Protein chains: 2
Amino acid sequence: MQNPDRTTVREGAFGNATGLVCRACGAQQELGPHYACLECFGPLEVAYDFGTVTREQIEAGPKSIWRYQPLLPVPTDIAAFPNTDPGFTRLVKADNLARELGLKTLWVKDDSGNPTHSFKDRVVAVALSAARELGMTVLACPSTGNLANAVAAAAARAGIKSVVFIPENLERPKILTTAVYGGTLVAVRGNYDDVNKLASEIAGEEEGWAFVNVNVRPYYAEGSKTLAYETAEQLGWRLPEQVVIPVASGSQLTKVDKGFTELGRLGLVEPTPYKIFGAQATGCSPVAQAFREGHDVVRPVKPDTIAKSLAIGNPADGPYVLDTCRRTGGAVEDVSDDEVRDGIQLLARTEGIFAETAGGVTIATLKKLLASGQLDPDAETVVFNTGDGLKTLDAIADRVGPAATIDPTYTAFTAADLV
Amino acid sequence: MQNPDRTTVREGAFGNATGLVCRACGAQQELGPHYACLECFGPLEVAYDFGTVTREQIEAGPKSIWRYQPLLPVPTDIAAFPNTDPGFTRLVKADNLARELGLKTLWVKDDSGNPTHSFKDRVVAVALSAARELGMTVLACPSTGNLANAVAAAAARAGIKSVVFIPENLERPKILTTAVYGGTLVAVRGNYDDVNKLASEIAGEEEGWAFVNVNVRPYYAEGSKTLAYETAEQLGWRLPEQVVIPVASGSQLTKVDKGFTELGRLGLVEPTPYKIFGAQATGCSPVAQAFREGHDVVRPVKPDTIAKSLAIGNPADGPYVLDTCRRTGGAVEDVSDDEVRDGIQLLARTEGIFAETAGGVTIATLKKLLASGQLDPDAETVVFNTGDGLKTLDAIADRVGPAATIDPTYTAFTAADLV
């Protein structure tokens, strides 16, 4: 394995990024394959010196996340490297759903249009760039679904090796949608926690390996900011008043907040106030629990929910989610698996968008927050659909089907009185 | 049911379209819910008086097929009506695949990024507009897959009724991905031919019903032209030299030709020569057979292939495909189901794009045409991936999987010697 050496990193490898900073103690570190603070072992995030960034500059860029290159830890020539070019997905004005829920203005940011149909393509694309610039030669991850798809596809397109670790008992469709890209898929005897632990161990031993969500995580996580940038740009360079975001590790929610804040500071939007709401499934709702109980820390839980892509019992960014939601005047709420199924059907029926279970969590939470008065029905609201219903068909399998089965004749059709 | 009356159609309901013209005898008809020539029963297509259309006008439009509104039979305010806003999907430079096949320049137009992950969203969106402008109140279709998804989703979003007819024995995932949108799904005791026949019968009896691929087919089919427009625009307003397109009814292939021709006539691109190649699965290859045998007509076959979305044994546009491919110097070729599976894996492994079986047909045909010398390896080539591998997982189920199953320890990992 190649040992990544900071001295070989080329000028501008990370764009306007200037270093890594500890989110816990504020200590600084050089850009490199680091993810824990040398002082306090806290999580690192990317710091920047943006200079001037204009709307015109962004609007002239490619129709992908790379239009925001000046705001990401990637080089100015990023679009020249083969990657899946994710992003710039639809922002759908959801008038039917708004009407049904009694909301004035609602938008759905629909990330199921990404290359492997989840928001993970965004974060993996940024992690891939960091891995390449750091001279790393293998793109890897532990995963049970969307991330596995995104890593395997991105590595195939980039022409580098991928190694994806999954629990042995993973559902066959999820295995197929990763294995088809031809990387190395490794089944591990154990549950997701075992797989995760093994991944961290390998990351520590094999220095040429970029585990996207482990040792290049600070770069990876920045990819989620593009959800905020795109939402604001697609609204006509404006911030929404309320957003509802699913919470797994919590990284996405905190990065959307970071993205909105950056846009305001750079003068790309008016820095108008916004409230951020987190959505969890009751079967894995440690952050919602902590929010309700007024705690600053999150007590780990053992997940038991159909929303597998949100089933992280010990969310790394949990405390930051609590801080963000409290600071902006939002909340964290959770919904039952039946409400999740209702949420999937509600969005599909009203807007023609078929979300995975995580999207069902978000829609159901939106509904619950409105009913409880925590969301203002008159404030412009954006919800994030981060994945695709095609990947979680089981959730609705017992709920929908043909209205009738008829003989192939017009008489049989009219007799059935279907419309 | 409401009887659509031409006198109530508003001014500009069909944009620059001026009438319907018979593709067989050239007879003209007024715009309306017509699909067969009154003179000879031949198929109708839309005729236009485009006037002046500029690149700037198109580039200023929305990032969907509606940027080409002046070239489609839709009103100028089309973007204001709720629909799934399909199109403007990725054109991916496929250097890895090109290298592997010995091609100089290859692009993949990847329509799996559409709202319901196939090109059918394009044609359904145009059919929906026609149905609405004609005062029709039900969006319907007979289908076994992609079209069913697209119709159900588009109708949900538009807030109108949908009725989708499927064969009773359709695979459960395809039922779920249609039924979730909440329209009326009708299972029919019989095969796809029985369903199709019933649909035509209902279309003849129920005048307020828009069967997208039956009685509003002339409008529906025009949606496929946007594949040509987007390809040319994304190439920097240039036509490719060779394109490979899957053939089911054959409509898409002929409309891509129509689209390229229109762009040239309007001065939006240089009218440089191009060759169009058709791709079929051997188990349903009536057009490829006719091409090889030098016939002008297509003899129907009974389909038997894993490429279900191309399994039309009696393709309506078969003769026009033969004419288009011969006229442009192209060809129609077919590939075995095993080659289709190889094609899916080849595209996934080299470019990170997971295509449905129809895409596998196209990639495998590309390879075969190169090997036989029918395609020029030095000419710029575009292939169309029209659907998503997530919908046809069975095709690869026996071919891909984990490289190994290991215990969750670093020792077990290194012992497995995986990378």
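Since this is a predicted model, take the numbers as computed values, not measurements.

**A word on the overall build of chain A**
Turning to step 1, where the next piece is worked out: Within chain A, the secondary structure is distributed over 14 helices and 14 strands.
Turning to step 2, where the next piece is worked out: In summary, chain A has a C-alpha radius of gyration of 21 Å against a globular reference of 22 Å for 419 residues, a match within 12%.
Turning to step 3, where the next piece is worked out: Taking the principal axes of its C-alpha atoms as reference, chain A extends roughly 75 × 50 × 45 Å.
Turning to step 4, where the next piece is worked out: For chain A, the residues scored as buried account for 63% of the 419 residues in total.
Turning to step 5, where the next piece is worked out: In chain A, once contacts between residues fewer than 6 apart in sequence are set aside, the share between residues at least 24 apart is 70%.
Turning to step 6, where the next piece is worked out: Summed over its atoms, the accessible surface of chain A is roughly 14,900 Å², and 47% of this surface lies on carbon and sulfur atoms.

**A few points about the sheet that holds strand S5 (residues 106–110) of chain A**
All names here are of chain A.
Turning to step 1, where the next piece is worked out: The six strands are arranged S4-S5-S13-S10-S11-S12 in an open sheet whose pairing can be described as mixed. Each edge of the open sheet is held by one strand with a lone partner, namely strand S4 (91–93) and strand S12 (332–335). Across the sheet, the mean angle separating the axes of adjacent strands is 25 degrees when strand polarity is ignored.
Turning to step 2, where the next piece is worked out: Sheet contacts for helix H9 (residues 251–265): strand S10 (242–246), strand S11 (275–281) and strand S13 (381–385); angle to S10, the most-contacted strand, approximately 150 degrees.

**Topic: the interface of chain A and chain B**
Turning to step 1, where the next piece is worked out: In this complex, chain A contributes 74 residues to the contact, which on the side of chain B involves 73 residues.
Turning to step 2, where the next piece is worked out: Counting the surface lost from both chain A and chain B, the interface buries some 6,100 Å², and carbon and sulfur atoms represent 66% of this.
Turning to step 3, where the next piece is worked out: For the pair chain A and chain B, the interface holds four salt bridges.
Turning to step 4, where the next piece is worked out: A salt bridge links Arg157(B) to Glu351(A); its shortest N-O distance comes to 2.4 Å.

**A few points about the relation of the copies chain A and chain B**
Turning to step 1, where the next piece is worked out: In the superposition of chain A on chain B (RMSD 0.0 Å, axial shift 0.0 Å), the rotation amounts to 180 degrees. Between the two chains, the operation in question is that of a two-fold axis. Within chain A, Gly113(A) has its C-alpha nearest the rotation axis, a separation of 2.6 Å.
Turning to step 2, where the next piece is worked out: Taken together, the interface assignments show that 99% of the residues at the interface of chain A recur at the interface of chain B, consistent with an identical surface on both copies.

**With respect to the pairing of strand S1 (residues 17–22) of chain B**
Looking along a regular strand, one sees side chains alternate from face to face of the sheet.
Residue and element names in this part refer to chain B.
Turning to step 1, where the next piece is worked out: Burial analysis of S1 places five of its six residues in the buried class, which makes it a mostly covered element.
Turning to step 2, where the next piece is worked out: Bridge analysis of S1 against strand S3 (residues 44–48) gives five bridges, and the strand direction is antiparallel. If you follow Cys22 over to S3, its bridge partner there is Leu44.
Turning to step 3, where the next piece is worked out: Sheet topology note: the S1/strand S2 (residues 28–29) ladder contains two bridges and is antiparallel. For Val21, the partnering residue across the bridge sits in S2 and is Gln28.
Turning to step 4, where the next piece is worked out: Hairpin connection from S1 to S2: five residues lie between these consecutive antiparallel strands, with Gly26 at a positive phi of about 80 degrees.

**Considering the pairing of strand S8 (residues 184–188) of chain B**
All names here are of chain B.
Turning to step 1, where the next piece is worked out: For S8, the tally of buried residues reaches five of five residues, placing the bulk of the element in the interior.
Turning to step 2, where the next piece is worked out: Both faces of S8 are covered, namely the face carrying Thr184, Val186 and Val188 and the face carrying Leu185 and Ala187.
Turning to step 3, where the next piece is worked out: By the bridge criterion, five bridges tie strand S7 (residues 161–167) to S8 in an arrangement that is parallel. The partner of Val164 across the bridge, within S8, is Leu185.

**Remarks on the packing of helix H4 (residues 146–158) of chain B against helix H5 (residues 172–179) of chain B**
All names here are of chain B.
Turning to step 1, where the next piece is worked out: Here H4 crosses H5 at 20 degrees, and the two axes come no closer than 8 Å. Judged by the inter-axis angle, H4 sits roughly parallel to H5. Here the hand of the crossing between H4 and H5 comes out right-handed. Here Ala148, Asn149 and Ala152 of H4 lie close against H5, whose contacting residues are Lys174, Thr177 and Thr178.
Turning to step 2, where the next piece is worked out: Considering only residue class, the contact of H4 with H5 consists of two nonpolar, three polar and one charged.

**A look at unusual backbone geometry**
Turning to step 1, where the next piece is worked out: One non-glycine residue, Trp237(A), lies in positive phi territory at about 55 degrees.
Turning to step 2, where the next piece is worked out: Relative to the helices and strands, Trp237(A) resides in the loop between helix H8 (225–234) and S10.
Turning to step 3, where the next piece is worked out: Phi at Asp85(B) is positive, roughly 45 degrees, even though this residue is not glycine.
Turning to step 4, where the next piece is worked out: Among the structural elements, Asp85(B) can be located in the loop between helix H1 (55–59) and strand S4 (91–93).

**Examining the packing of helix H8 (residues 225–234) of chain B against helix H9 (residues 251–265) of chain B**
Residues and elements named next belong to chain B.
Turning to step 1, where the next piece is worked out: For the pair H8 and H9, interaxial distance at closest approach is 7 Å and the crossing angle is 50 degrees. Here H9 runs oblique to H8, going by the angle between their axes. Regarding H8 and H9, the two cross each other, and that crossing is right-handed. Contacts from Lys225, Leu227, Ala228, Tyr229 and Ala232 of H8 reach H9 at Gln252, Lys255, Val256, Lys258, Gly259, Phe260, Glu262 and Leu263.
Turning to step 2, where the next piece is worked out: Grouping the amino acids of the contact of H8 with H9 by side-chain chemistry returns seven nonpolar, two polar and four charged.

**Some remarks on the packing of aromatic side chains**
Residues and elements named next belong to chain B.
Turning to step 1, where the next piece is worked out: Taken as a whole and judged by the stated rule, the model has 22 aromatic pairs over all chains.
Turning to step 2, where the next piece is worked out: Relative to Tyr229, the ring of Tyr68 lies with its centre 5.2 Å away and its plane at 45 degrees, an arrangement referred to as tilted. Residue Tyr68 is found in the loop between H1 and S4, and its partner Tyr229 is found in helix H8; the two are separated by 161 residues along the sequence.
Turning to step 3, where the next piece is worked out: Note on Tyr68: relative accessible area 0%, which makes it buried.
Turning to step 4, where the next piece is worked out: Classification of Tyr229 by relative accessible area gives buried; the value is 0%.

**Side note on the UniProt feature "modified residue: N6-(pyridoxal phosphate)lysine" (unreviewed entry) in chain A**
Residue and element names in this part refer to chain A.
Turning to step 1, where the next piece is worked out: UniProt records the feature "modified residue: N6-(pyridoxal phosphate)lysine" (unreviewed entry) for Lys120 in the present numbering.
Turning to step 2, where the next piece is worked out: Relative to the helices and strands, Lys120 resides in helix H3 (residues 120–133).
Turning to step 3, where the next piece is worked out: If sequence neighbours within four positions are ignored, Lys120 has contacts with Asn146, Leu147, Ala150 and Tyr220.

**Thoughts on the side chain of Asp317(B)**
Turning to step 1, where the next piece is worked out: By the secondary structure assignment, Asp317(B) is in the loop between helix H10 (286–293) and helix H11 (318–328).
Turning to step 2, where the next piece is worked out: For Asp317(B), the residues in contact, after removing those within four places along its chain, are Arg23(B), Ser249(B), Gly250(B), Ser251(B) and Thr254(B).

Conventions we followed
Residues numbered from 1 in each chain as written. Chains lettered and ligands numbered in written order. Predicted model: local features only at pLDDT ≥ 70, side-chain atom pairs only at ≥ 80, totals over all residues. Heavy atoms only, no water. Helix = DSSP H or I, 4+ residues; strand = E, 2+ residues; numbered from the N terminus. Rg over C-alpha atoms; globule rule 2.2 N^0.38 Å. Buried < 20%, exposed > 50% of the residue type's maximum accessible area, 1.4 Å probe, protein only. Contact = heavy atoms within 4.5 Å. Areas by Shrake-Rupley, 256 points an atom, 1.4 Å probe, with all protein chains shown as cover. Pairing = 2+ DSSP bridges. Axes fitted to C-alpha atoms, helices over the stretch in contact; angles between N-to-C directions. Buried area = accessible area lost by both parts, 1.4 Å probe. Salt bridge = Lys/Arg side-chain N within 4 Å of Asp/Glu carboxyl O. Least-squares fit on C-alpha atoms with pLDDT ≥ 70 in both. Parallel < 35°, antiparallel > 145°, perpendicular 65-115°, else oblique. Left-handed = near helix turned anticlockwise from the far one by under 90°. Nonpolar A, V, L, I, M, F, W, Y, C, P; charged D, E, K, R; others polar. Phe/Tyr/Trp six-rings, centres within 6.5 Å; stacked < 30°, edge-to-face > 60°. UniProt positions renumbered as here; feature names shortened; annotations may be inferred.

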